[in-house]
Amino acid sequence: MHVLITTPFHPAYVTAERIKRAKNLELLLTAGIGSDHIDLPAAAAAGLTVAEVTGSNTVSVAEDELLRILILLRNFLPGYQQVVQGEWNVAGIAHRAYDLEGKTVGTVGAGRIGRLLLQRLKPFNCNLLYHDRLKIAPELEKEIGAKFEEDLDAMLPKCDVIVINTPLTEKTRGMFNKERIAKMKKGVIVVNNARGAIMDTQAVADACSSGHIAGYGGDVWFPQPAPKDHPWRYMPNHAMTPHISGTTIDAQLRYAEGVKDMLDRYFKGEDFPVQNYIVKEGQLASQYQ
């Protein structure tokens, strides 16, 4: 093949070995966002172009993050399970349910998805913090009312809710290990729709079991698909799903349109929108460096 189109982690990881065997390969397109299922250094070394449909599911993921924050804070899932099981114990739910108003919410990463989440949180009258390598534009920062935190470890103890919105790179892989999780406030809510490998799997499960993390929600795992014995399936107080947050029907239409547009440009010898490139002429996009 000359062109390979994939979605993140399914149907295949594009490994260095697969790239080596694909002698005719020129272009790797991700139908969605997040190309870390591709060995990007190997693709760059082979002179391949890697591109994705940047922005196609940002709204979908940000909305899902807000959903999970509310589900976990309000202790929704045990209440739902009571109804299904024919039980009725209001006190059993209410003792772990909180309002979102007045809570401190911090996002680790304030790119397209992180900014959309902050904008959607503003009407809830939260105290909003963000950590990123780049600051949000001053006008937007003022409009949202979010405060920049340069030091991640200083931000974490301030937060009642922490949302992970950073890409998976060698710098962020395993970022949230046992030591960093210990710096979080006891009873924190954590939402991660970014990448499972940013978290230390067992450290998250242990923190949920001890109650240090009061609730963990997300749709990303490591590896994916998640094996049946993955500890996150069985830890308490979780709101986990398969990798669905960015695949609403609306997002899928945007994936399809974006992929078709890039194929049309490829066959005409035209460049893609600059923000879509992940690897171009041997260089990785800044977020993966």
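Residues numbered from 1 in each chain as written. Predicted model: local features only at pLDDT ≥ 70, side-chain atom pairs only at ≥ 80, totals over all residues. Heavy atoms only, no water.

### Considering helix 10 (residues 201-210)
Threshold: The buried label applies to any residue whose accessible area, calculated with a 1.4 Å probe on protein chains only, is under 20% of its type's maximum; exposed applies above 50%, and partly exposed to all values in between. Helix and strand definitions here come from DSSP, where helices need a minimum of 4 consecutive H or I residues and strands a minimum of 2 consecutive E residues; each element is numbered from the N-terminal end. Note on definitions: a residue-residue contact is assigned when non-hydrogen atoms from the two residues lie within 4.5 Å.
Three or more residues of helix 10 are buried, namely Thr-201, Ala-203, Val-204, Ala-205, Ala-207 and Cys-208. Buried positions along helix 10 lie against helix 9 (178-182) and strand 9 (213-218).

### Concerning the UniProt feature "domain: D-isomer specific 2-hydroxyacid dehydrogenase NAD-binding" (unreviewed entry) in the protein
The following threshold applies: UniProt positions are given in the numbering used here, feature names are shortened, and annotations may be inferred rather than shown by experiment.
The UniProt record marks residues 69-245 with the feature "domain: D-isomer specific 2-hydroxyacid dehydrogenase NAD-binding" (unreviewed entry), using the residue numbering of this structure. Helix and strand shares over residues 69-245 are 31% and 18% respectively, and the end C-alpha atoms of the span are 13 Å apart.

### Observations regarding the side chain of Asp-36
The line we're drawing: Definition of a polar contact: a pair of N or O atoms within 3.5 Å, with one able to donate and the other able to accept a hydrogen when the atoms are protein atoms, and with sequence-neighbouring residues admitted only if both atoms are side-chain atoms.
Among the secondary structure elements, Asp-36 is positioned in the loop between strand 2 (27-30) and helix 2 (40-45). For Asp-36, a relative accessible area of 17% gives the class buried. Polar side-chain contacts of Asp-36 include one of 2.9 Å to the side chain of Arg-195. If we ignore the near neighbours within four places in the chain, the residues touching Asp-36 are Phe-9, Leu-168, Arg-195 and Tyr-288.

### Comments concerning the packing of aromatic side chains
The criterion, for reference: The rule is short: rings of Phe, Tyr and Trp, with Trp giving its six-membered ring, pair when the centres are within 6.5 Å, and they are stacked under 30 degrees, edge-to-face over 60, tilted in between.
The final tally for this structure, using the stated rule, is six aromatic pairs. Judged by centre distance (6.4 Å) and plane angle (15°), the rings of Phe-76 and Tyr-80 are stacked. Of this pair, Phe-76 and Tyr-80 both sit in helix 4 (residues 76-84), four residues apart, roughly one helical turn. Phe-76 gets classed as partly exposed once you look at its relative accessible area, which sits at 46%. Residue classification places Tyr-80 among the partly exposed residues on the basis of a relative accessible area of 49%. Where Tyr-130 meets Phe-148, the ring centres are 5.4 Å apart and the plane angle is 55°; that geometry is what we call tilted. Here Phe-148 lies in strand 6 (residues 146-148) and Tyr-130 lies in strand 5 (residues 127-131), a separation of 18 residues in the sequence. In this structure Tyr-130 comes out as buried when scored by relative accessible area, which is 0%.

### Brief notes about the pairing of strand 9
How we decide: DSSP calls a pair of strands paired once it identifies at least 2 bridges connecting them. With the strands pointing away from the viewer, any crossover whose connection runs clockwise from the first strand over the helix to the second is right-handed.
Burial analysis of strand 9 places six of its six residues in the buried class, the great majority of the element. Of the pairings in the sheet, the one linking strand 8 (residues 188-192) to strand 9 comprises five bridges and is parallel in character. The partner of Asn-192 across the bridge, within strand 9, is Gly-218. With respect to chirality, the unit in which strand 8 leads through helix 10 into the neighbouring parallel strand 9 is right-handed. Bridging between strand 9 and strand 10 (residues 238-240) involves three bridges; their strand directions are parallel. Of the residues in strand 10, the one forming a bridge with Tyr-216 is His-238.

### Topic: the packing of helix 3 (residues 58-73) against helix 6 (residues 112-121)
Defined as follows: The axes used here are C-alpha line fits, helices contributing only the stretch in contact, and every angle between their N-to-C directions lies in the interval 0 to 180 degrees. Roughly parallel means an angle under 35 degrees; roughly antiparallel, over 145; roughly perpendicular, 65 to 115; everything else is oblique. Working rule for handedness: look at the near helix, and if it is turned counterclockwise from the far one by less than a right angle, call the crossing left-handed; if clockwise, right-handed.
Contact geometry of helix 3 with helix 6 gives a least axis separation of 9 Å together with a crossing angle of 50°. The orientation of helix 3 with respect to helix 6, classified from their angle, is oblique. Regarding helix 3 and helix 6, the two cross each other, and that crossing is right-handed. Residues Thr-58, Val-59, Val-61, Ala-62, Glu-63, Glu-65, Leu-66 and Ile-69 of helix 3 pack against Arg-112, Ile-113, Leu-116, Leu-117, Arg-120 and Leu-121 of helix 6.

### Thoughts on the sheet that holds strand 1 (residues 3-6)
What the five strands build is an open sheet, ordered 1-2-3-11-12; its pairing is mixed. Looking along the sheet, the strands with just one partner apiece sit at the ends: strand 1 and strand 12 (283-284). By the bridge criterion, two bridges tie strand 11 (residues 277-280) to strand 12 in an arrangement that is antiparallel. Looking across to strand 12, one finds that Val-279 is bridged to Leu-284.

### Considering the sheet that holds strand 6
In spatial order, the strands read 6-5-4-7-8-9-10; together these seven strands make up an open sheet with parallel pairing. Each edge of the open sheet is held by one strand with a lone partner, namely strand 6 and strand 10. Sheet twist, expressed as the average angle between the axes of neighbouring strands with direction ignored, equals 20°. Against the sheet, helix 6 touches strand 4 (104-108), strand 5, strand 6 and strand 7 (161-164), its axis set at about 170° to strand 5.

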